[in-house]
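Report on the structure
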Amino acid sequence: MSTPILATKLILATKLYVPPAQPTAVPRSRLIGRLNEGLHRRLTLVCAPAGFGKTTLIGEWIAGCGRPAAWLSLEEGDGDPARFLAYLVAALRAVAADIGEGILDALRSPQPPPTEPLLTALLNEIATVEDDFFLVLDDYHLVDAKVVDDAIAFLLEHVPPEMHLIIATREDPRLPLARLRARGQLVEVRAADLRFNPSEAAAFLKGEMGLDLSAEDIAALETRTEGWIAGLQLAALSMRGHEDASSFIESFTGSHRFVLDYLVEEVLQQQPESVQGFLLCTSILDRLCGPLCDAVLLGSSASGRATLEYIERANLFLVPLDDERRWYRYHHLFAELLRQRLHLVSAPSTGAAVGDVAELHGRASAWYEANGLEIEAFRHAAAANDVERAERLIEGEGVPLYFRGTVAPVLNWLESLPGAVLDARPSLWVMYASVLLLVDHTAVEQRLRAAEAALQGIEPNDRTRDLVGRVASMRATLAVIRHDAETIIDQSRRALEYLHPDNLPARTATTWTLGHAHQLQGDRAAAGKAYAEVISTGNSFGDSVYTIAATINLGQLQEADNELSLATKTYERVLELAGDPPQPIACEACLGLARITYQWNDLDAAERHGQQFVQLTRQMGSVDSFASYDVFLARLRLARGDVAGAVAVLVRAEEFVRQHDFVFRMPDVAAARVLTLLYQGHLRAAARLAETHGLPLSRARVYLAQGDASSALASLEPLRRQAEAKGWADERLRVMVLQAVALHAQGEKDGAAQLLDDALALAEPGGFIRVFVDEGRPMAHLLSEAAACGIAPDYTARLLAAIEAEAHEGVDRSYLPAARSLAEPLSQRELEVLRLVAEGLSNREIGARLFLALDTVKGHNRRIFGKLLVHRRTEAVAKARALGILPGEN
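So, here is what we can say about the structure in this document. (Residues numbered from 1 in each chain as written. Predicted model: local features only at pLDDT ≥ 70, side-chain atom pairs only at ≥ 80, totals over all residues. Heavy atoms only, no water.)

**Topic: the overall build of the protein**
Here is the rule: The helix and strand labels rest on DSSP assignments: H or I over at least four residues marks a helix, E over at least two residues marks a strand, and numbering proceeds from the N terminus. Three labels apply to residues, based on accessible area from a 1.4 Å probe with only protein chains included: buried if under 20% of the type maximum, exposed if over 50%, partly exposed otherwise in between. Pairs of residues are marked as contacts when any of their non-hydrogen atoms sit within 4.5 Å. To be clear on the numbers: accessible area is Shrake-Rupley with a 1.4 Å probe, and residue cover counts the displayed protein chains and nothing else.
Across its full length, the protein carries 48 helices and seven strands. Residues counted as buried form 54% of the 890 residues belonging to the protein. Put simply, 67% of the contacts in the protein that link residues at least 6 apart link residues at least 24 apart. Surface accessibility of the protein: about 38,200 Å² in total, with carbon and sulfur atoms responsible for 50%.

Written as structure tokens, this is what we have:
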């Protein structure tokens, strides 16, 4: 039910740092010129292995170009879409301070919104930025996530001219490069371009590394390293202290990897032992600062800050991440090699004093936790294989990490744990199920059973009882998806019995599921009480998800009580709570507003609210609400006289319901289908559908369409008694309106007028229009007679005006063919006679069947012919079939 949230306070500013141009860096004018020529294109791709100066080149280009830049240094964890988007927005705020506020709100949504709508909103905001700017994604290869590739491809396809995207990566990104290349929208700088030529190598070795080498030595070194900048740098570092540079260069050979390993050893071995230890121990960190290094190297004599300053001065592949020189990172390749070496020398057999790697991660985790960086604290705890600590950090003090943008890392960690570890800690199985409930509810039950199995044999205590309650609460949530009210109630009550009193989030969620079950069962009072409790408790601890959900449900209950104005305010309150743009969970409020404005006969507003519902619901994937929307849309199409459109919508709805097994929605779809069949004159098919799905109200409509008002009234009466007994105001009003039509069709005009008077009294406070207008001309006759009798004159005038307006627009609102076409409807006895005529019985045979005298049958025939405006029996049957009074021959 909930979704990732990435709080802005968890944004690491160092990832957004734009590396400044290095004053001593070798000028790359030949490359800068090429980059400038491609400024009008959409993408600049700088792709080369480690150590080729990609970041340095981009930094130099940006510094000299004069354009502002949004910079994002990516890392492995940025494959989570919510996390990636949050960092993307944070980076863009370097060029537009308020950009993406709505997107950050959407990322706090309880349902993960899909990326594309958020990117669309972001692109619209980017298009309003006045100045041209760069967006740089550095180290793109670290993000191995298709969702991010898709997001960048979408950005590239729609990027406004104000923004130029730059990607620095070691590998070709999975983007449509061929298409961009063919369209002339791509500038590429590859390893071959980045390699130092002899003059650049000479400038680098002399200017940046301070080596005074001969032209022959430089050329040899450039050849040996193939212009690989990191190789040149490492070689230069290794040559320090070598008096015979030529001999060193002569022996300097091998592949890059071999060379690198060799040079790292040379570099490390030339450093003081304390610095070597510092480098190895802190290589576990993605980012370094003095206090963090002090925490990792517990008891070190030299301060972390001082050592970092020394390493920077020594040019040992340390990259500053801010202008204040507080945060750094190692060159990625250098860090990888340090980590490999750390694992080698930390093995127990080596007797080295660098410490246990797990201990180092544990200290880093403690430091991050103390400084409020919980995600990094969790990652290091997981790396330390400290299961207890990792679990505690995931749970947090209130909202678990997986509700705050860390679904993928937590799920990956749980999936990596051996079954024995999970069995030893049943709480991990429960956590596993909780995370899966966010991404794949079909996989939840298996983990819940594993949790129950692991709990067996453990001495019960408050914690294990709470776990049992959480298992039941999740099963109640799964039953909500199936609309299984009995299971929801059983599991919710079990959950509330076992959940700890202080576990307010789980108890609130369970109270909501219980309210939902009451609502499904039609116990609106109990449902309303539960929802009020959810809102009250949710507000006490800052919950927004279930507060919004319960507020929506309250609006639905008010709508069902015919309190349309109150329900409107409640739905509008939901949209306020859901933010701007609203969270997807608010979709049901939009559908509620669509239904209400439909009832108020504001069809344009109803359509707008419906469209907003669709936009939000699409972000939630497959939910049964789509079927509810299609039922609403079919009614809207019918109101506009588009019967074919209504049929098409309902065919779609039926397919959707079957495809997703939302069988509980089928009766609603079938009821709407009955209505369209009646409009089409397919009475037999309508009757069959109403019977198949047990739809008494639809069955009554079929009877009316067949001219059988008596059977319609017999079908409606128990419905009304049930509605009155249960206090279902909406159902009572619908039945009374149809009863009034049926009584009028049966010729009981006084009774019809009285019932209509009662229905108008129920409907007028809510401002209902369509519940009357949708009954068409029969209702128009009734309303005209009511108006003539002085019944609710203003209200009936409004209703008649609405019907008249539709008549002027050519909308045929009558699905009752007999009532529509006959000045006077056939009586019940006349219908019986007509049916027997259609069966081919003679007048004498009809009289025998109905116990009527022959003259009486002939009298019925005359009246039938007069009402149908025909002269013969065959004409009467044909006309009755054409009008739908009698079923068709097939």
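More follows now that the structure is in view.
**Topic: the pattern of salt bridges**
Formally: Note on definitions: salt bridges are taken to be side-chain nitrogens of Lys or Arg within 4 Å of carboxyl oxygens of Asp or Glu.
Following the criterion strictly, the structure yields 54 salt bridges and no others. For Glu 806, the salt bridge identified is with Arg 770, shortest N-O distance 2.5 Å. With a gap of 36 residues between them, Glu 806 in helix 43 (residues 793-808) and Arg 770 in helix 41 (residues 770-773) connect regions that are remote in the sequence. When its relative accessible area of 5% is taken as the criterion, Glu 806 is described as buried.

**Concerning the side chain of Thr 510**
Inspection of the secondary structure puts Thr 510 in helix 27 (residues 504-520). Residue contacts for Thr 510: discarding those within four places in its chain leaves Ser 473, Ser 492, Ala 495, Leu 496 and Leu 499.

**Some remarks on helix 18 (residues 357-370)**
Where we set the bar: Residue count minus one, scaled by 1.5 Å, sets the expected span of a helix. Throughout, the arc means the angular range of directions from the helix axis out to the C-beta atoms. What qualifies as a polar contact is a pair of N or O atoms within 3.5 Å, subject to a donor-acceptor requirement within protein and to the restriction that residues adjacent in sequence count only when both atoms come from side chains.
Taking 1.5 Å of rise per residue, 14 residues should cover 20 Å, and helix 18 covers 20 Å from first to last C-alpha, within 8% of that figure. The complete set of buried residues in helix 18 reads Val 357, Leu 360, His 361, Ala 364, Ser 365, Trp 367 and Tyr 368. Projected down its long axis, helix 18 shows its buried positions confined to an angular sector of 165 degrees, all on one face. Between the side-chain oxygen of the N-cap and the backbone nitrogen of Ala 358 there are 2.9 Å, and the N-cap of helix 18 in question is Asp 356. Taken from the residues just after helix 18, Gly 372 is the one with a positive phi, measuring 75 degrees.

**Quick look at the packing of helix 35 (residues 666-680) against helix 37 (residues 696-705)**
Stated formally: Axes, fitted as lines to C-alpha atoms, cover a helix only where it is in contact. Angles between the N-to-C directions of the axes lie from 0 to 180 degrees. Angle categories are assigned with fixed cut-offs, so that under 35 degrees is roughly parallel, over 145 is roughly antiparallel, 65 to 115 is roughly perpendicular, and the rest are oblique. Under the convention adopted here, Pro, Cys and the residues Ala, Val, Leu, Ile, Met, Phe, Trp and Tyr are nonpolar, Asp, Glu, Lys and Arg are charged, and Gly plus all remaining residues are polar.
Their axes nearest at 10 Å, the elements helix 35 and helix 37 cross at an angle of 10 degrees. If you check the angle between helix 35 and helix 37, you find them roughly parallel. On the side of helix 35, the interface is formed by Ala 671, Val 674, Leu 675 and Leu 678, while helix 37 contributes Ser 698, Arg 701, Val 702 and Ala 705. Looking at the contact of helix 35 with helix 37 residue by residue, the class counts come to six nonpolar, one polar and one charged.

**Some points on the pairing of strand 2 (residues 69-73)**
Inclusion rule: Paired strands are those between which DSSP finds at least two bridges.
Counting buried positions over the five residues of strand 2 gives five, a clear majority of the element. Alternating residues of strand 2 divide into Ala 69, Trp 71 and Ser 73 and Ala 70 and Leu 72, and every residue in both groups is buried. Judged from the five bridges that link them, strand 2 and strand 3 (residues 133-138) form a sheet pairing that is parallel. In the sheet register, Ser 73 faces strand 3, and the bridge partner there is Asp 138.

**Digging into empty space enclosed by the protein**
Quick reminder of the rule: The method works on a 1 Å grid over the protein atoms by themselves. A cavity is a set of points holding a 1.4 Å probe that cannot get out, a pocket is an open set with protein on both sides within 12 Å along at least five of seven lines, and residues with an atom within 4 Å of a point line them. Grid points are joined across faces, edges and corners, and a volume is the space filled by probe spheres set on the points.
This structure, assessed with the given rule, holds four cavities of 30 Å³ or more. The volume enclosed by the largest cavity comes to roughly 70 Å³. Taken together, Tyr 17, Pro 19, Thr 55, Trp 71, Ser 73, Asp 138, Val 319, Pro 320, Leu 321 and Arg 329 make up the lining of the largest cavity. Elements with a minimum of two residues in the lining of the largest cavity: strand 2 and strand 6 (318-320). The class makeup of the residues in the lining of the largest cavity is six nonpolar, two polar and two charged.

**Things to note about the packing of aromatic side chains**
Any two aromatic rings considered together are summarised by their centre-to-centre distance and by the angle between their planes. Stated precisely, the cut-off is as follows: Each Phe, Tyr or Trp ring, with Trp reduced to its six-membered ring, pairs with another whose centre is within 6.5 Å; inter-plane angles below 30 degrees give stacked pairs, above 60 give edge-to-face pairs, and intermediate values give tilted ones.
Applying the stated criterion across every chain, the model contains 15 aromatic pairs. Consider the rings of Trp 327 and Trp 367, whose centres lie 6.3 Å apart with planes at 70 degrees: the pair is edge-to-face. Of this pair, Trp 327 sits in the loop between strand 6 and strand 7 (328-330) while Trp 367 sits in helix 18; the two residues are 40 residues apart in sequence, bridging distant segments of the chain. Here the two residues Trp 327 and Trp 367 agree in accessibility, since each one is buried. Pairing Phe 613 with Tyr 629 gives two aromatic rings, centres 5.5 Å apart and planes at 25 degrees, and the pair type is stacked. Linking Phe 613 in helix 32 (residues 603-618) with Tyr 629 in helix 33 (residues 625-639), this pair joins segments that are 16 residues apart in sequence. Its relative accessible area of 0% is what places Phe 613 among the buried residues.

**Section: the environment of Gly 528**
Within the secondary structure, Gly 528 sits in helix 28 (residues 524-541). The spacing of Gly 528 and Tyr 703 is 175 residues in sequence and 36 Å in space, taken between C-alpha atoms. Residues contacting Gly 528, with those up to four places away along its chain left out, are Leu 554 and Leu 557.

**As for the nonpolar core**
Here is the rule we go by: Remark: nonpolar core denotes a set of buried residues (Ala, Val, Leu, Ile, Met, Phe, Trp, Tyr, Cys) joined through side-chain atoms within 4.5 Å.
Membership of the largest hydrophobic core comes to 144 residues, with the highest contact counts inside it found for Leu 88, Leu 137, Ile 152 and Tyr 330. The residues contacting Tyr 330, other than those within four sequence positions of it, are Phe 278, Leu 279, Thr 282, Ser 283, Leu 288, Ile 311, Phe 317, Leu 318, Ala 335 and Leu 338. Counting 101 residues, the second-largest nonpolar core is a separate cluster that includes Ala 527, Tyr 598, Leu 636 and Leu 760.

**Quick notes on the sheet that holds strand 4 (residues 163-169)**
In spatial order, the strands read 2-3-4-1-5; together these five strands make up an open sheet with parallel pairing. The outermost strands of the open sheet, each flanked by one partner alone, are strand 2 and strand 5 (186-190). Neighbouring strand axes in the sheet, compared pairwise and without regard to direction, differ in orientation by 15 degrees on average. Bridge count between strand 3 and strand 4: five bridges; the pairing is parallel. Directly across from Phe 134, in strand 4, lies its bridge partner His 164.

**Looking at the pairing of strand 3**
Using the following cut-off: With the strands pointing away from the viewer, any crossover whose connection runs clockwise from the first strand over the helix to the second is right-handed.
Taking burial as the measure, the six residues of strand 3 include six buried ones, the bulk of the element. Of the two faces of strand 3, both are covered, the one formed by Phe 133, Leu 135 and Leu 137 as well as the one formed by Phe 134, Val 136 and Asp 138. For the crossover that starts at strand 3, traverses helix 6 (residues 146-158) and ends in the parallel strand 4, the hand is right-handed.

**Here we look at the environment of Leu 566**
Among the structural elements, Leu 566 can be located in helix 30 (residues 564-577). Here Leu 566 falls in the partly exposed class, since its relative accessible area comes to 39%. Separated by twelve residues in sequence, Leu 566 and Leu 554 have C-alpha atoms that sit 10.0 Å apart.

Nothing here speaks to function; it is geometry throughout.
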